[in-house]
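Structural features, examined
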Amino acid sequence: MSESKSDTLRSRALAAIDATRFVPAAGQTRLRAMIAERPDWVLSRQRAWGVPICVFADADGNVLRDEAVNARIVEAFEKEGADAWFAEGARERFLGSRAGEPWQMVKDILDVWFDSGSTHAFTLEDRQDVKWPADVYLEGSDQHRGWFHSSLLESCGTRGRAPYEAVVTHGFTMDEEGRKMSKSLGNTVVPQDVIKQSGADILRLWVATTDYWEDQRLGKNILQTNIDAYRKLRNTLRWMLGTLAHDDGASVPVGEMPELERLMLHRLSELEEIVRAGYDAFDFKRVARTLLDFMVVELSAFYFDIRKDALYCDAPSSRRRRAAVEVVRHLFENLTVWLAPLLPFTTEEAWLDRYPQARSIHFEQFRALPAEWRDEALAEKWRKVRQVRRVVTGALEIERARKTIGSSLEAVPVVYIADSALHDAVQGVDLAEVAITSDLVLAPGEAPAGTFRLDDVPGVGVAIEKAEDRGLRKCARSWRYTDDVGADPAFPDVSKRDAEALRELQTAGRL
């Protein structure tokens, strides 16, 4: 690498490094230091075997330039491979009529790093389905000295720039104790065994949820954690598919949807930003953890849990039910597409179950979500509502543990809210629906002694009463305790809401 001219291989490489995106960013500093201090780069190796430097030279080192000789070499390599250079009589065969001249075969081979560094030329430039330079080079962190390094120098020397737009590096896989995997230690994990036992998506989920920029750990217990998380995610997808089996494609204007549905649309719009930014930054852990937490905590344990009653028991024409089905449709379509790069087989199975005539999910693009879905004020209101809900569900768990009640529908919480901000937030909200109880009484002022409280939600106290003690009767269809069971003589065992739903289903011939 001569420094006699400003346009040197070194200067080109350093400029290319500055123009390249590195993930993590420390990779740029590392590679730059190596290039800045590198003394030379020899293209040849004196070895007995390898890819030959197939040229002829005279005693002074002048290389023979003869198109006929080159054509014979190319033809032989295409038919016989690189070993043709080392075959007996190769000199006379390739030189032909010039065999009597003092040309000698170069016996050196190409440096193996030159071989690896030139792969971009024959993998990207001759194919119509890819482009040069590559979007990403991905390899282990040791390749700053290897493949990333050699590819940079070869490409800068022949094409004036790096063969990649971005370089992404990962650490190495250790066992659960942080030790290097070794057959002698018996701590190896074979990917094929994991795939055979649990499926490829389990392995991919582990990769997606690790800090792959650093060394990562893998073992039986870590895999089991991912298997448990995967099952929860898969069950959430299955529940959505079951709900969407009743989807007739109806749409409810966003402004006419219940607040709970509008909250879920708002959350989708928030997630879209996180997912796009995460993928753009190659931060797969952030994408995976965000989506997993949303599906398990906010959907399964909150939204779906609340809406099961409406989805199962409301009349098909109910606006609340139609809005819920539409929101589940939006949730399914966006979440599966967002997860597809991480869990390709699971999302493909789910997508084709929902849309059997569709192409693969991997042809789908991330959707641009409507701006009207974003509602920060609503989200702040429901943050407070969920604080109150936490206190109620905490009180219910205590009573359930005492066996005072079985299902939460057997309870009528009495909720005292002294905090004015929380009190204002729950106005107009059906807290019984949100807490999944048959009824709920909102009482003013400070809670009396002995009521259930949470330290991190000051100003809220909850006492639990039994629905039967308030004279409420259990609906045979929804299991909710109401004061209107038997209001419709045609359906004496159910509430008025459920009777209306049954009559609508009966009229439509669906009973």
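Keep in mind that what you see is a predicted model, and the values were worked out from it rather than measured. (Residues numbered from 1 in each chain as written. Predicted model: local features only at pLDDT ≥ 70, side-chain atom pairs only at ≥ 80, totals over all residues. Heavy atoms only, no water.)

With that out of the way, let us pick up empty space enclosed by the protein. Scanning the model with the defined rule gives 1 cavity of 30 Å³ or more in all. When its volume is computed, the largest cavity comes out at roughly 40 Å³. Along the walls of the largest cavity sit C54, V55, F56, L64, D66, V69 and N70, which together make up its complete lining. Its residues placed into classes, the lining of the largest cavity shows 5 nonpolar, 1 polar and 1 charged. (1 Å grid on protein atoms, 1.4 Å probe; cavity = no way out; pocket = protein on both sides within 12 Å on 5 of 7 lines; lining within 4 Å. Points joined across faces, edges and corners; volume = space filled by probe spheres on them. Nonpolar A, V, L, I, M, F, W, Y, C, P; charged D, E, K, R; others polar.)

To continue, consider the layout of surface pockets. Its volume calculated, the largest pocket comes out at about 650 Å³. Taken together, 23 residues form the lining of the largest pocket, with L138, R204, V207, A208 and F284 sitting closest to its centre. At the level of secondary structure, the elements contributing two or more residues to the lining of the largest pocket comprise β6 (134–140), β7 (164–170) and α9 (200–208). The biggest single contributor to the lining of the largest pocket is α9, with 5 residues. Class assignment for the residues of the lining of the largest pocket results in 17 nonpolar, 5 polar and 1 charged. (Helix = DSSP H or I, 4+ residues; strand = E, 2+ residues; numbered from the N terminus.)

Okay, the sheet that holds β6 next. With parallel pairing, 3 strands are arranged side by side in an open sheet as β1-β7-β6. Two strands close off the open sheet at either side, each with one partner strand: β1 (21–23) and β6. Neighbouring strand axes in the sheet, compared pairwise and without regard to direction, differ in orientation by 15° on average. As defined by bridge partners, β1 adjoins β7 across 3 bridges and the pair is classed as parallel. The residue of β7 that forms the bridge with F22 is V167. Contacts from helix α7 (residues 147–159) reach β6 and β7, with the element oriented near 145° to β6. (Pairing = 2+ DSSP bridges. Axes fitted to C-alpha atoms, helices over the stretch in contact; angles between N-to-C directions. Contact = heavy atoms within 4.5 Å.)

Here the focus is the environment of E78. If you trace the backbone, E78 turns up in helix α3 (residues 67–80). Look at E78 and you get exposed, because its relative accessible area is 66%. For the pair E78 and E92, spaced 14 residues apart in sequence, the C-alpha to C-alpha distance is 19 Å. (Buried < 20%, exposed > 50% of the residue type's maximum accessible area, 1.4 Å probe, protein only.)

Using the criterion set out here, one finds 14 aromatic pairs in the structure. Relative to F284, the ring of Y212 has its centre 5.8 Å away and its plane inclined at 25°; by these criteria the two rings are stacked. Taken together, the positions of Y212 in the loop between α9 and β9 (216–217) and F284 in helix α12 (residues 284–313) put the pair 72 residues apart, joining distant regions of the chain. Their ring planes at 50° and their centres at 5.8 Å tell us that Y303 and F304 sit as a pair that is tilted. Taken individually, Y303 and F304 each receive the classification buried, so the pair is uniform in this respect. Members of the aromatic cluster, joined through ring pairs, are Y212, W213, Y279, F282, F284 and F366. The aromatic ring of F302 is capped on one face by R386, whose charged end is 3.8 Å from the ring centroid. Above the ring of W479, the side-chain terminus of K474 is found at 4.9 Å from the ring centroid. (Phe/Tyr/Trp six-rings, centres within 6.5 Å; stacked < 30°, edge-to-face > 60°. Lys NZ or Arg CZ within 6 Å of the ring centre and 35° of its normal.)

The next point concerns the packing of helix α10 (residues 220–244) against helix α13 (residues 319–339). Their axes nearest at 10 Å, the elements α10 and α13 cross at an angle of 140°. As far as their axial angle goes, α13 and α10 are oblique. Once α10 is placed against α13, the crossing between them reads as left-handed. Facing L233, L237, W239, M240, L241, T243 and L244 of α10, the residues of α13 in contact are V325, V328, R329, L331, F332, L335, T336 and L339. By residue class, the composition of the contact of α10 with α13 is 12 nonpolar, 2 polar and 1 charged. (Parallel < 35°, antiparallel > 145°, perpendicular 65-115°, else oblique. Left-handed = near helix turned anticlockwise from the far one by under 90°.)

With that settled, the discussion passes to helix α15 (residues 376–401). Counted at 1.5 Å a residue, the expected span for α15 with its 26 residues is 38 Å, and the 37 Å between its end C-alpha atoms agrees. In the stretch just after α15, K403 is the one whose phi turns positive, near 65°. (Expected span 1.5 Å × (residues − 1).)

A few words now on the confidence of the model for the chain. When pLDDT drops low, the exact placement of atoms in the prediction is not to be read closely. Of all residues in the chain, 99% attain a pLDDT of 70 or more, and the chain-wide mean is 93. Looking at the elements of the chain, mean pLDDT is at its lowest for strand β2 (residues 44–45), recorded as 76, and at its highest for α13, recorded as 98. (pLDDT = per-residue confidence, 0-100.)

Right, let's get into the side chain of R329. As for its placement among the helices and strands, R329 is situated in helix α13. Under the relative-accessibility criterion, R329 is labelled buried at 13%. In this view, R329 contacts L244, D247, G249, A250 and R354; residues no more than four positions away in its chain are not counted.

On to unusual backbone geometry. Put simply, V23 and P24 share a cis peptide bond, and its omega is 0°. Looking at where P24 falls in the secondary structure, it is placed in the loop between β1 and α2 (26–37). The omega angle of the peptide bond from W132 to P133 is 0°, so this bond is cis rather than trans. With respect to the helices and strands, P133 occurs in the loop between α6 (119–124) and β6. Positioned with a positive phi, K403 is a non-glycine residue whose angle comes to about 65°. Tracing the backbone through its elements, the reader meets K403 in the loop between α15 and β10 (411–417). Take K403: its relative accessible area is 72%, and that puts it in the exposed class.

What follows is about the side chain of T243. If you trace the backbone, T243 turns up in helix α10. Ignoring sequence-local partners within four residues, the contact set of T243 consists of L311 and V328.

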